[in-house]
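Inside the fold
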Amino acid sequence: MDNSSGVGVLDKAAIVLGALESGPATLAQLVTATGLARPTAHRLAVALEHHRLVSRDLQGRFVLGPRLGELAASAGEDRLLAAAGPVLGALRDHTNESAQLFRRQGEYRVCVCAAERPVGLRDSIPVGASLSMLAGSAAQVLLAWEEPDRLHRGLHGAAYNATTLSGVRRRGWAQSVGEREPGVASVSAPVRSPSGRVIAAVSISGPIERLSRQPGRLHAATVLAGANKLTEVLARHAAAQEAAARAQAH
């Protein structure tokens, strides 16, 4: 079967990515696996690295990059959003606070789903709103499990520090009090892809008067349960797809 698309550079880039699917490769191994000329293989691998489709491991070998995981996570976003509505609704009803689901997009976190508190004082974050990655418990969650170099870059100018994120990883959830906006507190927990990557943050937010200066004590367990529910939905969906693919193959 001819795998050529007629766009030579894309075909060669696809060959490089395909060669890295089986694991890390030195340039020499990449040349052998792809059949490409050494300068071509090097140029493509470095260009793919620029776009984070390829990375290097500690030995300097080429490996598949984090951008592929992010794209795969986005491909599953419909499933995530379909499941998020009921989970956020239950979270709002249980805590009596507004609930949100955030995804990271570059230097921002975007609210992709929300369940608003119907009456009274609330922290209203509309779907589609872009908030800074420099403050707030959801930002902490979306940064805490990143690769070390990306994590440290993300801390530049942030209202939280590396010690804060270490605590988030240890506990499995984050809280903030007046960090993003005066008078507002929040609690967030991570949603993970079937591969274990953090792809979203479930949050509740509201006034400090109700949430207190230790909002995690009140609501961390509930927010964690909501985030874990979404992680389980994605895992079940992936397992079902895998089973269907295996059945088709046989």
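Whatever comes next refers back to the structure up there.
Presented here is an overview of the structure given in this document. Predicted, not measured: the structure shown is a model, and the values here were computed from it.

What follows is about the overall build of the protein chain. Looking only at helices and strands, the protein chain features 10 helices and 8 strands. For the protein chain, the C-alpha atoms occupy an extent of roughly 65 × 45 × 30 Å along the three principal directions. Scored against the burial criterion, the 250 residues of the protein chain give a buried share of 44%. Accessible surface computed for the protein chain: about 13100 Å², of which carbon and sulfur atoms make up 55%. Here the protein chain holds 28 positive side-chain charges and 21 negative ones, and the gap between their average locations is 3 Å.

By size, the foremost hydrophobic cluster in this structure holds 29 residues, and its most contacted members are Leu80, Leu88, Leu101, Val191, Val202 and Leu230. At the level of secondary structure, the elements contributing two or more residues to this core comprise helix 5 (77–95), strand 3 (98–105), strand 4 (108–115), strand 7 (184–192), strand 8 (198–207), helix 9 (208–211) and helix 10 (215–249). Apart from the residues within four sequence positions on either side, leucine 230 is in contact with Leu80, Ala83, Ala84, Val87, Leu101, Val191 and Val202.

Another point: empty space enclosed by the protein. In this approach, a probe sized like a water molecule rolls over the atoms, and the result shows the empty space that is left. If you walk through the whole model with that rule in mind, you get 1 cavity of 30 Å³ or more. Along the wall of the largest cavity there are 19 residues; nearest its centre are Arg109, Gly136, Arg180, Ser186 and Ser205. Where the lining of the largest cavity is concerned, the elements lending two or more residues are strand 3, helix 6 (137–144), strand 7 and strand 8. Ranked by the residues each element gives to the lining of the largest cavity, the list is headed by strand 7, at 3 residues. Grouping the constituent residues of the lining of the largest cavity by class yields 6 nonpolar, 8 polar and 5 charged.

The next thing to look at is the sheet that holds strand 3. Here we have 6 strands laid out as an open sheet, ordered 5-4-3-8-7-6, and antiparallel in their pairing. Each edge of the open sheet carries a strand with a single partner, namely strand 5 (130–132) and strand 6 (174–177). Across this sheet, the average inter-strand angle for adjacent strands is 30°, counted without regard to direction. Pairing of strand 6 with strand 7 involves 4 bridges; the strand directions are antiparallel. Pairing of serine 176 across the sheet is with serine 186, part of strand 7.

Taken as a whole and assessed by the stated rule, the structure comprises 0 disulfides. Cysteine 111 takes part in no disulfide bond, and the closest cysteine sulfur to it belongs to cysteine 113, at a distance of 7.3 Å.

We now examine the environment of cysteine 111. Take cysteine 111: it is sitting in strand 4. For the pair cysteine 111 and serine 203, spaced 92 residues apart in sequence, the C-alpha to C-alpha distance is 10.0 Å. If we skip the residues at most four places from it in the chain, cysteine 111 touches Gln100, Leu101, Phe102, Ile125, Pro126, Val127, Gly128 and Ala129.

Here the focus is the side chain of serine 205. When you line up the elements, serine 205 lands in strand 8. Reaching out from serine 205, the side chain makes a polar contact with the side chain of glutamine 100 at a distance of 3.1 Å.

Right, let's get into unusual backbone geometry. Despite not being glycine, arginine 52 shows a phi value in the positive range, around 65°. The residue asparagine 96 is not glycine, and still its phi comes out positive at about 65°.

In the structure shown here, the tally under the stated rule is 0 aromatic pairs. When the ring centre of phenylalanine 102 is taken as origin, the NZ or CZ atom of arginine 109, which lies over that ring, is 4.7 Å away. Positioned over the ring face of tryptophan 173 is arginine 171, at 4.3 Å from the centre of the ring.

The next subject is the packing of helix 1 (residues 8–20) against helix 2 (residues 27–34). Direction vectors running N to C along helix 1 and helix 2 enclose 110°, while the axes themselves pass 10 Å from each other. Taken together, the axes of helix 1 and helix 2 lie roughly perpendicular to each other. Remark: the crossing between helix 1 and helix 2 carries right-handed chirality. Facing Ile15, Val16, Ala19 and Leu20 of helix 1, the residues of helix 2 in contact are Leu30, Ala33 and Thr34. Residues of the contact of helix 1 with helix 2, tallied by class, amount to 6 nonpolar, 1 polar and no charged.

Here we come to the pairing of strand 4. By the criterion of burial, strand 4 is predominantly enclosed, with 6 of the 8 residues buried. Judged from the 7 bridges that link them, strand 3 and strand 4 form a sheet pairing that is antiparallel. Its bridge partner lying in strand 4, alanine 99 is registered against alanine 115. Counted along the chain from strand 3 to the antiparallel partner strand 4, the turn is 2 residues long, and its residue glycine 106 has a positive phi close to 65°.

Conventions adopted
- Residues numbered from 1 in each chain as written.
- Predicted model: local features only at pLDDT ≥ 70, side-chain atom pairs only at ≥ 80, totals over all residues.
- Heavy atoms only, no water.
- Helix = DSSP H or I, 4+ residues; strand = E, 2+ residues; numbered from the N terminus.
- Buried < 20%, exposed > 50% of the residue type's maximum accessible area, 1.4 Å probe, protein only.
- Areas by Shrake-Rupley, 256 points an atom, 1.4 Å probe, with all protein chains shown as cover.
- Lys, Arg positive; Asp, Glu negative; His and termini not counted.
- Charge placed at Lys NZ, Arg CZ, Asp CG, Glu CD.
- Core = buried A, V, L, I, M, F, W, Y, C linked by side-chain atoms within 4.5 Å.
- Contact = heavy atoms within 4.5 Å.
- 1 Å grid on protein atoms, 1.4 Å probe; cavity = no way out; pocket = protein on both sides within 12 Å on 5 of 7 lines; lining within 4 Å.
- Points joined across faces, edges and corners; volume = space filled by probe spheres on them.
- Nonpolar A, V, L, I, M, F, W, Y, C, P; charged D, E, K, R; others polar.
- Pairing = 2+ DSSP bridges.
- Axes fitted to C-alpha atoms, helices over the stretch in contact; angles between N-to-C directions.
- Disulfide = S-S within 2.5 Å.
- Polar contact = N/O pair within 3.5 Å; in protein donor to acceptor, adjacent residues only side chain to side chain.
- Phe/Tyr/Trp six-rings, centres within 6.5 Å; stacked < 30°, edge-to-face > 60°.
- Lys NZ or Arg CZ within 6 Å of the ring centre and 35° of its normal.
- Parallel < 35°, antiparallel > 145°, perpendicular 65-115°, else oblique.
- Left-handed = near helix turned anticlockwise from the far one by under 90°.

By themselves, these figures tell us nothing about what the structure is for.
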